[in-house]
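# Working through the structure, step by step
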Amino acid sequence: MKPSRTSARLLALALGLGLGLASSVLGAAVPASAQTAASPPAAAGTPVAQYAGSTKEAANNKAFFEAVLKSVADKRAAQPNTQAVTVYYNASQAPSFRSQISTAASIWNSSESNVKLQATSSGADFSYREGNDPDGSYASTNGHGNGYVFLDYTQSRQNDSIRVATHETGHVLGLPDNYSGPCSELMSGGGPGPACTNRYPNTTERSRVDQLWTTRLTQTRNTPTPRTR
């Protein structure tokens, strides 16, 4: 959802919105469960700076998806004929965003046929965390099956917090950022500005996720795991 992990401050100056600023600039953080989009919409005709993303960011999102795929494939081997894949998440480390995360999961579950999100307290494929980060919200993985979605207080206060959570969850399901996209595109993230409150993936995004979880999971399951010496 972040406009940038490397250029947040420059973009913030361009937008005049302070996206991604550290908590020391804005004072004590307020949990997102009690927040809504607080910033006023940009004036009509005001150009919105766009962030195109970075190679590192795109690679990290792809690695997150691959890690989740492997985790799910390993656990699903015993039930290869099940149509819908279940991806388990743990939201215990993001209590302030519990409602937003639950709504994000419901949005994706109502949008997809081949993959479903389900909360669990153990054995999760990924988790959610919360806090303050000058780079905003993001999805992260160590490349070894452990990943988490970080939800930033400041960004979730200045933008629609459910859109933020649903957008970041989109990375878990395999979708990349497209900051130059319109508000109707969920993965455009913070590109359209805080006035955008669309929380739903569009038809193309929904189809892409279903396709990914049909073809990629099969490939992952059928690929032998390399042996290490």
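Everything in this summary refers to the structure shown in the same document. (Residues numbered from 1 in each chain as written. Predicted model: local features only at pLDDT ≥ 70, side-chain atom pairs only at ≥ 80, totals over all residues. Heavy atoms only, no water.)

## Concerning the overall build of the protein
How we decide: Under the DSSP-based scheme used, a helix requires at least four consecutive residues in state H or I and a strand at least two consecutive residues in state E, with every element numbered from the N terminus. When a residue's accessible area, from a 1.4 Å probe over protein chains only, is under 20% of the maximum for its type it is buried; when over 50% it is exposed; and in between it is partly exposed. Whether two residues are in contact is decided by their heavy atoms, any of which lying within 4.5 Å being enough. Where accessible areas are quoted, they stem from the Shrake-Rupley method and a 1.4 Å probe; at the residue level, only the protein chains shown are allowed to cover.
Scanning the protein from N- to C-terminus turns up seven helices and five strands. The proportion of buried residues among the 229 residues of the protein is 48%. Relative to all contacts within the protein whose residues are 6 or more apart in sequence, the contacts with residues 24 or more apart total 69%. Summed over its atoms, the accessible surface of the protein is roughly 10900 Å², and 52% of this surface lies on carbon and sulfur atoms.

## So, helix 6 (residues 161–172)
Operational definition: Between the first and last residue of a helix there are one fewer steps than residues, each counted as 1.5 Å, and that sum is the expected span. Residues adjacent in sequence count toward polar contacts only when both atoms are side-chain atoms; beyond that, a polar contact is any pair of N or O atoms within 3.5 Å, and within protein one must be able to donate a hydrogen and the other to accept it.
Taking 1.5 Å of rise per residue, the twelve residues of helix 6 would be expected to cover 16 Å, and the 17 Å separating its terminal C-alpha atoms lies within 8% of that figure. Within helix 6, twelve of the twelve residues are buried, which leaves the element mostly enclosed by the surrounding structure. Turning to helix 6, its buried residues number three or more, namely S161, I162, R163, V164, A165, T166, H167, E168, T169, G170, H171 and V172. Sitting at the amino-terminal end of helix 6 is D160, which places a side-chain oxygen 3.2 Å from the backbone nitrogen of I162. Two residues or fewer after helix 6 comes G174, characterised by a positive phi angle close to 110 degrees.

## As for the pattern of salt bridges
To keep it simple, the criterion reads: Put simply, a salt bridge is a Lys or Arg side-chain nitrogen that is within 4 Å of an Asp or Glu carboxyl oxygen.
Counted under the stated rule, the structure contains one salt bridge. Across the pair D160 and R199 runs a salt bridge whose closest N-O atoms are separated by 2.9 Å. One end of the pair, D160, is in the loop between helix 5 (153–158) and helix 6; the other, R199, is in the loop between helix 6 and helix 7 (203–222), and 39 residues separate them in sequence.

## What to know about the pairing of strand 4 (residues 138–141)
Looking along a regular strand, one sees side chains alternate from face to face of the sheet. Inclusion rule: Pairing between two strands is assigned when DSSP locates at least 2 bridges connecting them.
Burial along strand 4 is two-sided: the face carrying Y138 and S140 and the face carrying A139 and T141 are both buried. In this structure, strand 4 lies alongside strand 5 (residues 147–152), joined through four bridges in antiparallel fashion. For A139, the partnering residue across the bridge sits in strand 5 and is V149.

## Overview of the side chain of E168
Locating E168 in the fold gives a position in helix 6. Among the polar contacts listed, one links the side chain of E168 to the backbone nitrogen of A139, at a separation of 3.5 Å.

## Things to note about the packing of aromatic side chains
For clarity, the cut-off: Pairing of aromatic rings covers Phe, Tyr and Trp, the last counted by its six-membered ring, and requires centre-to-centre distances within 6.5 Å; plane angles under 30 degrees mean stacked, over 60 mean edge-to-face, and any other angle means tilted.
Applying the stated criterion across every chain yields a total of six aromatic pairs. Look at Y89 and Y128: their rings are 5.6 Å apart centre to centre, the planes differ by 90 degrees, and that puts the pair in the edge-to-face class. Taken together, the residues Y89 in strand 1 (residues 85–93) and Y128 in strand 3 (residues 126–131) connect sequence positions 39 residues apart. Side by side, Y89 and Y128 carry an identical accessibility label, which is buried. Both rings, one in Y138 and one in Y148, keep their centres 6.2 Å apart while their planes meet at 65 degrees; by these two values the pair is edge-to-face. Of this pair, Y138 sits in strand 4 while Y148 sits in strand 5, placing them ten residues apart in sequence.

Interpretation note: all reported values are geometric properties and have no functional meaning in isolation.
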